[in-house]
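In case you want the letters, here they are:
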Amino acid sequence: DIQMTQSPSSLSASIGDRVTITCRASQSISIYLNWYQHKPGKAPNLLIYGASSLQSGVPSRFSGSGSGTDFTLSISSLQPEDFASYYCQQSYSTPYTFGQGTKLEIK
Amino acid sequence: QVQLQESGPGLVKPSQTLSLTCTVSGGSISTAGYYWSWIRQHPGEGLEWIGDIYFSGSTTYNPSLESRVAISRDTSKIQFSLRLSSVTAADTAIYYCARSYSGSYYYSDYWGQGALVTVSS
């Protein structure tokens, strides 16, 4: 299985801050990398697919980059509704595996 | 707008079979190019892909669960289902169903709210 490692596991930030979350794959996955936002009790929400393609309806303050083994999710200016957990997922090969998550909290 | 809703028992005894159904509205599970997926989240942990059923009816499972899992569908009811046999406490989790797209990239774009299943006697 391809192991996905996210960092940091938790992050405190303020409204308006720019934040970056990193995801590293245990082998090259080209650009087969998705990012999801997840709030407690809610359905996970697809943010980014193909490493950098913004899902329809997702605000442009979210962006993704990377290829091979190293990827980043950036949020340019944090809004109150952005405080949540974020997960990366590789879709290069089955079993599709997720990172352990990054919990973004208000400072 | 596609919507998914999980349903099934919230409590299952050890060694028994967990059964969940996902009802889809706003779309067909026979539409070409889509997988219908089950994903779970253990308490306080990350997400784990369980498996998919393709629009054609073919299935793919996580090898870690393959000996115990079965995903099926009822196209007339626009539902797909998960069965996980011989459950233990380690199968306690929130179970999500999702629609997954299989074009140039694979991703899950619509999810249900999740169903908590506890394995306990």
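1. Remarks on the interface of chain B and chain A
Listed by partner, the interface residues are 21 residues for chain B and 21 residues for chain A. Interface area lost by chain B to chain A is led by Leu47(B), Tyr105(B) and Tyr106(B), which between them contribute 34%. At the surface where chain B touches chain A, the tally comes to 6 residue pairs in polar contact (both at pLDDT 80 or more). Elements supplying a minimum of two residues to the side of chain B that touches chain A: strand S4 (34-41), strand S5 (47-54) and strand S10 (106-111) of chain B. When the residues that make up the side of chain B that touches chain A are grouped by side-chain class, the tally is 9 nonpolar, 8 polar and 4 charged.

2. Let's talk about the packing of aromatic side chains
The relative placement of two aromatic rings is captured by the distance of their centres and the angle of their planes. Inspection of every chain in the model, using the stated rule, returns 17 aromatic pairs over all chains. Taking the centre distance of 5.4 Å and the plane angle of 75 degrees together, the rings of Tyr36(A) and Trp111(B) count as edge-to-face. Highlighted residues: Tyr36(A) in strand S4 (residues 33-38) and Trp111(B) in strand S10, drawn from two different chains. Like Trp111(B), Tyr36(A) is buried.

3. Some words on the environment of Val2(B)
Residue and element names in this part refer to chain B. Tracing the backbone shows Val2 in the segment before strand S1 (3-7). Separated by 65 residues in the primary sequence, Val2 and Ser67 have C-alpha atoms spaced 31 Å apart. Not counting the four nearest positions on each side in its chain, Val2 is found in contact with Val24, Ser25, Gly26, Arg99 and Tyr110.

4. With respect to the sheet that holds strand S8 (residues 79-84) of chain B
Residues and elements named next belong to chain B. Strand order in the open sheet formed by 4 strands is S1-S3-S8-S7, and the pairing between neighbours is antiparallel. Edge strands, defined here as strands with exactly one partner in the open sheet, are S1 and strand S7 (69-74). Geometrically, the sheet is characterised by an average inter-axis angle of 20 degrees between neighbouring strands, direction not taken into account. One ladder, built from 5 bridges, connects S1 with strand S3 (residues 18-25); its direction is antiparallel. Within S3, the position partnered with Ser7 by the bridge is Thr21.

5. Here we look at the pattern of salt bridges
Any two side chains of opposite charge can pair if their charged atoms end up close together. Residue and element names in this part refer to chain B. Inspection of every chain in the model, using the stated rule, returns 8 salt bridges over all chains. Close ionic contact of Glu48 with Arg40 constitutes a salt bridge, the shortest N to O distance being 2.6 Å. An identical accessibility class is assigned to Glu48 and Arg40; each is buried. Because the salt bridges share partners, they merge into one network encompassing Arg40, Glu48, Arg68 and Asp91.

The rules behind the values
- Residues numbered from 1 in each chain as written.
- Chains lettered and ligands numbered in written order.
- Predicted model: local features only at pLDDT ≥ 70, side-chain atom pairs only at ≥ 80, totals over all residues.
- Heavy atoms only, no water.
- Contact = heavy atoms within 4.5 Å.
- Buried area = accessible area lost by both parts, 1.4 Å probe.
- Polar contact = N/O pair within 3.5 Å; in protein donor to acceptor, adjacent residues only side chain to side chain.
- Helix = DSSP H or I, 4+ residues; strand = E, 2+ residues; numbered from the N terminus.
- Nonpolar A, V, L, I, M, F, W, Y, C, P; charged D, E, K, R; others polar.
- Phe/Tyr/Trp six-rings, centres within 6.5 Å; stacked < 30°, edge-to-face > 60°.
- Buried < 20%, exposed > 50% of the residue type's maximum accessible area, 1.4 Å probe, protein only.
- Pairing = 2+ DSSP bridges.
- Axes fitted to C-alpha atoms, helices over the stretch in contact; angles between N-to-C directions.
- Salt bridge = Lys/Arg side-chain N within 4 Å of Asp/Glu carboxyl O.

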